[in-house]
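Take a look at the letters that make up each chain.
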Amino acid sequence: MLWVHELDHTVGRIVSERRRDHLLAQTDRIVAVGPAVGTMVRDRWGVPPSDVTVLPSFADAPDPREQPPTGPHEVVAIGSLTARKAPDLFVAVVAYLARHHGPVDAAWVGGPLDGPTAALVRHDLGDSGAGRVTELVGEVDDTLPWLPADGVLVHVAREDPAPLVVLEAALRAVPVVTWDGGGAAELAHLAGRPDLVVPPGDVAALARRIAHLLDDAGDRARAGAALAAAAKARTTGAVAPRLLDAITDG
């Protein structure tokens, strides 16, 4: 069995096309994480649909003894500081909020902070004025303590078919806003909250969605609860039996 969790761009950085084709020839079953990956495997890699099982990403359910999120920031993004995760768009969103909504307490959690992308982000933060309200936290051992206690998780990745951090946030009833088309958007639609999704790259629309949730504690709680309800079907305990069936061919 071959487990495929990413799309072409990322897969191509991990294995060569030749190595990928060799792996495909050695397996009779593929588990694709999410519908976008399933489409890629079938349509672009030429794998017969009968050999592909599409499963959602999954995460452990919160421990009942776990405390609610305690992160101190209102607007948080979590991910590596790479172009694919789009920290430049996060800066643009925070700058828009600062101009049209008022200053917000924002943070990007993830690194590395000594790479070229971090240097560009620092430049953008200074140039836009968003640096006064945005903390670059860097790499952390555990992202859960950074989930906002009373705010919004922002997922602005240009490509991410199965973002684990979004699922972990949803399981803890933290509202998430994102672009349409990725795994985060899929979860929002599943939760019956399409209003948490905006067209890709529409910084102003994303900022307005964030501002609404920051200003409306009631809707923020409702959005978090809807995501949590939808995410229950994507816990390890819920998905693992389906994964076992795919591995063992039933």
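Just so it is clear, the model here is predicted, and its values are computed rather than measured. (Residues numbered from 1 in each chain as written. Predicted model: local features only at pLDDT ≥ 70, side-chain atom pairs only at ≥ 80, totals over all residues. Heavy atoms only, no water.)

Q: What should I look at first to understand unusual backbone geometry in this one?
A: Each neighbour pair has its own omega, and for Gly 111 with Pro 112 the value is 10°, a cis peptide bond. Looking at the secondary structure, you find Pro 112 in the loop between strand E5 (106-109) and helix H5 (116-128). For Ala 86, which is not glycine, the phi torsion reads 65° and is therefore positive. Its location among the elements puts Ala 86 in the loop between strand E4 (75-78) and helix H4 (87-100). Phi at Ala 173 is positive, roughly 60°, even though this residue is not glycine. Within the element layout of this structure, Ala 173 appears in the loop between helix H6 (164-171) and strand E8 (176-179). Residue Ala 173 is classed as partly exposed on the basis of its relative accessible area of 37%. (Helix = DSSP H or I, 4+ residues; strand = E, 2+ residues; numbered from the N terminus. Buried < 20%, exposed > 50% of the residue type's maximum accessible area, 1.4 Å probe, protein only.)

Q: Looking at this structure, how should I read the side chain of Asp 219?
A: Summarising the element assignment, Asp 219 is placed in helix H9 (residues 217-231). A polar atom in the side chain of Asp 219 sits 3.1 Å from the side chain of Arg 193. The residues contacting Asp 219, other than those within four sequence positions of it, are Arg 193, His 212 and Leu 213. (Polar contact = N/O pair within 3.5 Å; in protein donor to acceptor, adjacent residues only side chain to side chain. Contact = heavy atoms within 4.5 Å.)

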